[in-house]
Amino acid sequence: MTDAGARGKPYTVGPNGKKLVTVIPGDGVGPEIVRATRRVLEAAGAPIEWEERLAGAAVFKAGLASGVPPETIESIRKTRVVLKGPLETPVGFGEKSANVTLRKLFETFANIRPVKELPGVRTPFSGRGVDLVIVRENVEDVYAGIEYLETPGVAEALKIVTRKGCEKIVRLSFELARAEGRKKVHCATKSNILKFTEGLLKRTFEEIAKEYPDIEANHIIIDNCAHQLVKAPEQFDVIVTTNMNGDILSDEGSALVGGLGFAPSANLGNHVSIFEAVHGSAPKYAGKNVINPTALILTAVLLLRHLEEFEIATKVENAVVSTLAEGKVSTRDVVGDAIAASTTDFAEAVVQNLGKAPPKGWHVRDYRALKFHSVPATPALVVAKSQRTVGVDIFLESSLDSKRLGEALVELTKGTSLSLHGISNRGTRVFPPSDAMLDVVDHWQCRFFAKDGKGEVSEPALLELFQKVGAHHRWIGLERLQEFDGQPAFTRPQGED
Ligand code: NAP
C-alpha cells in the first residue's frame, strides 16, 4: 500500500463523488448508537457513501477466531476509513480481540482522544475551560502482547518501543497541534526509570520538536502529568505518550469532561483510520434505546474532519453542544432514569439543532487537514556506525541461593574467555554479595563480560559459555549485550556502580 501522505488524501472518493466509509455497527449498544449517528450525519448533508460490514460477536459465533471477516477487510482496504461501533471481546475461547485485530492489521498507530469541556455536562472541572487532546501510541509498548511465564511464579512482558513508532507518533502530535491551531505539545514519559524504551520517545520528541519551532515543546514525567491533569488540566494542549501510559491517561481525561458517554476517539494510520467511541458495548443497555450516543456523534465529527468536511463537522459539533447546553433532551447517564430521553430522541434533538450557532463561550477552532508523514518502509530505520558484542545475560531458573549460584558460575567460566560479572534478581544486584535485603525469586539474570573487561566477545566464545552453563543449570533466555557507536545498549542493575 502506498502512503496517505503520498496519495494526498487519507480517504477514497466513490464514482458518484461521495466519500466512502466502512461502517461496522458492532455489538451490544453499537447498532443503536451507529444508527443515531448516521441519522445525524445524513441530516447534516455529509457526502458519505456507507459500506456496512460485520465484525465482533456474530463473527466469533460463526467460528472466525479473528472476529473480522475477509469482506470487512476488503471494504476497509478500499475505503480506508471506518466508523465502528464497540465490539465485545470474547473471554476465554482463544479468540483475539476484534478491536486489536483491526488496529494491528491496519497499523493505526495513533489513538487520538480529545478532552473538551462540554456545555451542560456538569463535572467538578466545569468552568475551567479544559480543551486538550491526548495522542496515544497505539500498537507498540507492552500491548505488543509478548508475554512469558519465565518460571511457574515469574511472569514477564516485553515492552517494545521503536524509533519508527516514536517518529510517527511524535510527528503526528505536532501536526495535530498545527491542524487544530494549538500552541504546545507535552511529551509524557517514564524516561527517568525506563531510559531506553520511554527514553526513546523523549529523545525522538526533543529531536523532532526542532522541526516545529512554532509549537512549544515540553517534556513531563508521566506520573506528574497524571497529577497535573487533575490539578490544572487547562494547562495542556496536546499530550503525546506511549501506549500503556496513554491508555490510563486518556481514561483519566474522559473523566474530566463527563465520562464514557461523551468520549470520542480516532485511531489514525497512514493507510487506514478507524473512528469509534471510547466506551464498550454496554451489554446491559443493548436494545433498550437508552444509551447516550454523544460519544459516537462527536467521534463522527472527528471523522468528518478526516474527510475534510470541515463545515459539516462544525455544524454537527455545534448542534451537539447546543443540545447539551439546552439540557431539554438528556439521556439517563446525565439526568437519571426517571426523566431521561431515549437514544433516538437525543439524536432527533441534535438533528433539530443543525444549523444553530454554538452556545456562548464555546470555542470553535479553525481546523485544517492533518498532514501525515511517511516513514521509510525499511525495517532498520536507525543504523549504527559500529556495533559489537561485549557480553551476554543468561537468565536462569534456579532454586539455589545467590551465593551458591554465583560461586558455581564462577567455577564454570574458569578456562573460558568470559567471566561472571554479577547476578541480579528482579533488577537488583545480588552477587557478588551485597547488603541488599532482597526477597529473591527463582529467576536470575547472570551477566557475563569478556575477561579483559573491554574486548569484543566472539560467537564461539558465547556458544561455549552457553553450553557450559546449560549443562548444569536450567536456562530460560539469553540477551546479547551490545555497544552501538561505543555506547552500551543495556542497563546496569540496581546496586552496580
Ligand atoms: P462499557 O461497555 O464501556 O460499559 C461500562 C459502563 O459505562 C456502562 O455500564 C455504563 O455505566 C457506562 N457507559 C458506557 N457507554 C455509555 C454511554 N454511551 N452512555 C452512557 N453510559 C455509558 O464497558 P464494559 O462493560 O467493561 O465492556 C463491555 C464490552 O465492551 C466488553 O466485551 C469489552 O471488551 C468491550 N469493549 C469494547 C470497546 C471497543 O470496541 N472499542 C471498548 C471498551 C470495551 P452505568 O452502568 O453506570 O450506566
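Residue indices begin from 1 for each chain and proceed along its sequence in written order. Given that the model is predicted, a residue must reach a pLDDT of at least 70 before its local features are reported, and side-chain atom pairs must reach 80 or more before they are shown or counted; all residues, however, enter totals for whole chains, interfaces and linings. Values shown for side chains rest on all heavy atoms present in the structure; no hydrogens or waters enter the calculation.

**Student:** In this structure, what is going on with the confidence of the model for the protein chain? I would like to understand it.
**Tutor:** Per-residue pLDDT for the protein chain has a mean of 94; in total, 97% of the residues score no lower than 70. By definition, pLDDT measures how confident the predictor is in each residue, and it falls between 0 and 100. Residue contacts are defined here by distance: any two heavy atoms, one from each residue, within 4.5 Å place the two residues in contact. Here residues 1–6 scores under 50 on pLDDT; set against residues more than four positions off or in separate chains, the count is 13 contacts.

**Student:** Would you explain the site of the ligand in this entry?
**Tutor:** Whether a residue is near a molecule or strand depends on its heavy atoms: if one lies within 4 Å, it is near. For the ligand, the set of nearby residues contains 21 residues, the closest of which are Leu87, Gly280, Ala282, Lys284 and Tyr285. Distance and chemistry together define a polar contact, namely a pair of N or O atoms within 3.5 Å, with one atom able to donate a hydrogen and the other to accept it when in protein, and with adjacent residues in sequence counting only for side-chain atoms on both sides. Lysine 84 places a polar side-chain atom, nitrogen or oxygen, 3.4 Å from an oxygen atom of the ligand. A distance of 2.7 Å separates an oxygen atom of the ligand from a polar backbone atom of alanine 282. Here the ligand has 880 Å² of accessible area as a free molecule, and 66% of this is covered by the chains. Residue burial considers only the protein chains on display, and all accessible areas are found by Shrake-Rupley using a 1.4 Å probe.

**Student:** Could you clarify how one ought to interpret the side chain of threonine 323 in this entry?
**Tutor:** Among the structural elements, threonine 323 can be located in helix α11 (residues 310–326). If we skip the residues at most four places from it in the chain, threonine 323 touches Lys328, Val329, Phe346, Ala349, Val350 and Asn353. Helix numbers and strand numbers start at the N terminus; a helix is a DSSP run of H or I with at least 4 residues, a strand a run of E with at least 2.

**Student:** In this structure, what is going on with the domain arrangement of the protein chain? I would like to understand it.
**Tutor:** Often, the extent of an interface is quoted as the loss of accessible area upon association of its parts. Residue ranges labeled as domains rest on an automatic or database domain assignment. The domains assigned to the protein chain are domain 1 (1–108 + 269–371), domain 2 (126–253) and domain 3 (387–488). Each of domain 1 and domain 3 has a C-alpha centre, and these two points are 53 Å apart.

**Student:** Honestly, the packing of aromatic side chains in this entry has me stumped. Any pointers?
**Tutor:** Pairs of aromatic rings are described using the distance from one ring centre to the other and the angle between the two planes. Ring pairs shown here join Phe, Tyr and Trp side chains whose ring centres sit within 6.5 Å, with only the six-membered ring taken for Trp; geometry is labelled stacked below 30 degrees between planes, edge-to-face above 60, and tilted in between. Counting across every chain of the model gives four aromatic pairs. Between phenylalanine 449 and phenylalanine 490, the aromatic rings sit 5.9 Å apart at their centres with planes inclined by 45°, giving tilted as the arrangement. Of this pair, phenylalanine 449 sits in strand β16 (residues 443–450) while phenylalanine 490 sits in the segment after β18 (487–488), placing them 41 residues apart in sequence. The cut-offs for exposure are 20% and 50% of the maximum accessible area for each residue type, with area from a 1.4 Å probe on protein chains only; residues under the lower value are buried, those over the upper are exposed, and the others partly exposed. On the basis of relative accessibility, which here comes to 13%, the residue phenylalanine 490 falls in the buried class. With 5.0 Å between their ring centres and 65° between their planes, phenylalanine 466 and tryptophan 475 make a pair best called edge-to-face.

**Student:** Would you take a moment to explain the pairing of strand β10 (residues 238–241) for this structure?
**Tutor:** Every regular strand shows the same layout, with side chains that alternate between the two sheet faces. Alternating residues of β10 divide into Val238 and Val240 and Ile239 and Thr241, and every residue in both groups is buried. Note on pairing: two strands pair once DSSP finds at least 2 bridges between them. Both strand β5 (residues 131–137) and β10 contribute to a ladder of four bridges, which runs parallel. The partner of isoleucine 134 across the bridge, within β10, is isoleucine 239. Of the strand pairs in this sheet, strand β8 (residues 184–189) and β10 are connected by four bridges, and their pairing is parallel. Across the sheet, alanine 188 pairs through a bridge with threonine 241, a residue of β10.

**Student:** Would you mind showing me how to read helix α13 (residues 343–352) here?
**Tutor:** Along an α-helix, residues three or four positions apart point the same way, because every turn accommodates 3.6 residues. Those residues of α13 that sit buried are Thr343, Phe346, Ala347, Ala349, Val350 and Val351. On its buried face, α13 sits against α2 (30–44), α10 (294–306) and α11.

**Student:** Can you walk me through the sheet that holds strand β14 (residues 418–425) in this structure?
**Tutor:** Sheet strands line up and pair through hydrogen bonds in the backbone, either parallel or antiparallel. The strand order across the open sheet formed by six strands is β15-β14-β16-β13-β17-β18, and the pairing between neighbours is antiparallel. Every interior strand has two partners, whereas the edge strands, β15 (428–431) and β18, have only one. Against the sheet, helix α14 (residues 402–412) engages β13 (387–397), β14, β15 and β16, with an angle of about 165° to β14. Contacting β13, β14, β16 and β17 (474–484), helix α15 (residues 459–472) crosses the sheet at an angle of about 10° to β13. Only the stretch in contact is used when a helix axis is fitted, and all axes are lines through C-alpha atoms; the angle between N-to-C directions ranges over 0 to 180 degrees.

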